[in-house]
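An overview of the molecular structure
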Amino acid sequence: GKQDGKDIREGTVTLPLILALNLSPAPIAAILTSARERDDFSAVVMAVRRSGAPDRCLAIATEQSAAAAAALEAFPLGADREALVELAEGLLGRRA
C-alpha cells in the first residue's frame, strides 16, 4: 500500500481531500497550509479521515461500479462482458 498522505504531500488533489474540504467542520485548508510549511501531513490525514470523506468515496465507488455493471447488461452475454463486470467489481477491493 501507499503511505498515508503521499498524494497530499505531493500536491495531488484527491477526491477524499475535495470531499473533506466540503464535509468537515475542521479548517482543512488552513491545516493543509500549516502541514506544507512544517512538512508534516499527519493532521491533514487525520482531518480527512474524521470528515467521513473516505467512507463517502467508497460509497461513490460502489455506486459507480454498480452503474457500470448495469450498463454492461445492454451487451450480449460472453467472456468480454463478464471480464468487464469483474473489473468493475474488482476495483472496489483495490486499495491504493
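All chains use their own residue numbering, which begins from 1 and follows the written sequence. In keeping with the predicted nature of the model, local features appear solely for residues at pLDDT of at least 70, side-chain atom pairs appear and are counted solely at 80 or more, and the whole-chain, interface and lining totals rest on all residues. With hydrogens and water excluded, all non-hydrogen atoms of the structure serve as input to the side-chain values.

Some words on the confidence of the model for the protein chain
- Confidence of the predictor at the level of single residues is given by pLDDT, which spans 0 to 100. Mean pLDDT over the protein chain stands at 90; residues scoring 70 or higher make up 95%.
- Considering each helix and strand of the protein chain separately, the mean pLDDT is smallest for helix α1 (residues 6-9), with a value of 87, and largest for helix α2 (residues 15-23), with 95. Helix numbers and strand numbers start at the N terminus; a helix is a DSSP run of H or I with at least 4 residues, a strand a run of E with at least 2.

Thoughts on the packing of helix α3 (residues 28-38) against helix α4 (residues 42-51)
- Angles run from 0 to 180 degrees between N-to-C directions of axes, and those axes are lines fitted to C-alpha atoms, restricted for helices to the stretch in contact. Direction vectors running N to C along α3 and α4 enclose 160 degrees, while the axes themselves pass 8 Å from each other. Judged by the inter-axis angle, α3 sits roughly antiparallel to α4. In this structure, α3 crosses over α4, and the sense of that crossing is left-handed. Contact with α3, carried on its side by Ile 28, Ile 31, Leu 32 and Ala 35, involves Ala 43, Val 44, Ala 47 and Val 48 of α4 and no other residues of that element.
- Here the contact of α3 with α4 is composed, by residue class, of 8 nonpolar, no polar and no charged. An angle counts as roughly parallel when it lies under 35 degrees, as roughly antiparallel when it exceeds 145, as roughly perpendicular when it falls between 65 and 115, and as oblique in every other case. If you view the pair so one helix is near and one far, a crossing is left-handed when the near helix is turned anticlockwise from the far one by less than a right angle, and right-handed when it is turned clockwise. In this analysis, two residues are considered to be in contact whenever any of their non-hydrogen atoms come within 4.5 Å of each other. By the convention adopted, Pro, Cys, Tyr, Trp, Phe, Met, Ile, Leu, Val and Ala count as nonpolar, Lys, Arg, Asp and Glu as charged, and the other residues, Gly among them, as polar.

Some words on the nonpolar core
- For this analysis, a nonpolar core means a set of buried residues of the types Ala, Val, Leu, Ile, Met, Phe, Trp, Tyr and Cys, connected via side-chain atoms within 4.5 Å. For each residue, the accessible area found with a 1.4 Å probe, counting protein chains only, is set against the maximum for its type, and the residue is called buried under 20%, exposed over 50%, and partly exposed in between. Among the nonpolar cores identified, the biggest contains 13 residues, and Ile 8, Leu 17, Leu 32, Phe 41, Val 44 and Val 48 are the most heavily contacted of them.
- Secondary-structure elements contributing two or more residues to this core are α2, α3, α4 and α5 (53-71).
- The contact partners of Leu 32, leaving out residues within four places of it in the chain, are Ile 8, Leu 17, Phe 41 and Val 44.

Things to note about the pattern of salt bridges
- The salt bridge definition used is simple: a Lys or Arg side-chain nitrogen within 4 Å of an Asp or Glu carboxyl oxygen. Using the criterion set out here, one finds 4 salt bridges in the structure.
- Across the pair Asp 39 and Arg 9 runs a salt bridge whose closest N-O atoms are separated by 3.2 Å. With Asp 39 in the loop between α3 and α4 and Arg 9 in helix α1, this pair connects stretches of sequence that are 30 residues apart.
- Residue classification places Asp 39 among the exposed residues on the basis of a relative accessible area of 52%.
- Close ionic contact of Arg 56 with Glu 63 constitutes a salt bridge, the shortest N to O distance being 3.7 Å.

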